[in-house]
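Structural overview
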Amino acid sequence: ASLSALLDAIDSTGDGHVIIMTTRHLELVDNALTGRADVKTEFQLANKEMISRLFRFAFQEHEAVDLLAYQFATKIPELEFSPAEVMSFLAGNFLSPEQALSEAEKWMATVRYERGKMKGEV
């Protein structure tokens, strides 16, 4: 499909519809397309504070959540993983914050390996 066809499809969308467009490289997207966006939001990678907050949210009922959240946040490098990746990992370990803490390195290695495969590096 051509850019013209895509623009026509967007322009013919009626009221009450939402179109969500995502890209990792906004600089490569034609201005005719980005100009049609009413809202632009950049999603950042998780910093230490976000990682800790996600952990506390996931395990808020645990009595030692603050200490465990701090320990977890020190294991995860800043600005390498998205909040969605972190939350997905935590959700997979929802029964045990201690297990999430102990399996963090294994999880990071798996994510890095999968990213390498997607880039053809593995």
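The coordinates are above.
Scope of this entry: the structure provided in the associated data block.

Definitions and cut-offs
- Residues numbered from 1 in each chain as written.
- Predicted model: local features only at pLDDT ≥ 70, side-chain atom pairs only at ≥ 80, totals over all residues.
- Heavy atoms only, no water.
- Helix = DSSP H or I, 4+ residues; strand = E, 2+ residues; numbered from the N terminus.
- Buried < 20%, exposed > 50% of the residue type's maximum accessible area, 1.4 Å probe, protein only.
- Areas by Shrake-Rupley, 256 points an atom, 1.4 Å probe, with all protein chains shown as cover.
- Lys, Arg positive; Asp, Glu negative; His and termini not counted.
- Charge placed at Lys NZ, Arg CZ, Asp CG, Glu CD.
- Salt bridge = Lys/Arg side-chain N within 4 Å of Asp/Glu carboxyl O.
- Core = buried A, V, L, I, M, F, W, Y, C linked by side-chain atoms within 4.5 Å.
- Contact = heavy atoms within 4.5 Å.

Moving on: the overall build of the protein chain. Looking only at helices and strands, one finds 7 helices and 0 strands in the protein chain. Listing each helix as α and each strand as β along the protein chain from the N terminus yields α-α-α-α-α-α-α. When its C-alpha atoms are laid out on the principal axes, the protein chain stretches across 55 × 40 × 20 Å. Counting across all 122 residues of the protein chain, residues that qualify as buried make up 25%. Surface summary for the protein chain: the accessible area is close to 9,000 Å², and the carbon and sulfur share equals 54%. Mean positive and mean negative side-chain charge positions of the protein chain (12 and 19 charges, respectively) differ by 5 Å.

Attention now moves to the pattern of salt bridges. On inspection of all chains with the given rule, the structure shows 7 salt bridges. The partner of glutamate 49 in a salt bridge is arginine 53, with the nearest N and O atoms 3.9 Å apart. One end of the pair is glutamate 49 and the other is arginine 53, both in helix α3 (residues 48-58) and 4 residues apart, which spans about a single turn. Looking at glutamate 49, the relative accessible area reads 52%, which means it is exposed. We classify arginine 53 as partly exposed; its relative accessible area is 45%. Lysine 117 is the partner of glutamate 114 in a salt bridge, and the nearest nitrogen-oxygen pair spans 3.7 Å. A residue pair is termed a helical-turn pair when its members lie 3 or 4 positions apart in one helix, as glutamate 114 and lysine 117 do in helix α7 (residues 104-118) at 3 residues.

When a protein is soluble and globular, its nonpolar side chains tend to lie buried together. Counting 21 residues, the largest nonpolar core has Phe55, Phe72, Ile76, Val86, Leu90 and Trp107 as its most contacted members. Elements with a minimum of two residues in this core: α3, α4 (65-75), α5 (83-92), α6 (97-102) and α7. Sequence-distant contacts of leucine 90, that is, excluding residues within four places in its chain, are made with Leu54, Phe55, Ala58, Phe59, Phe72 and Ala100.

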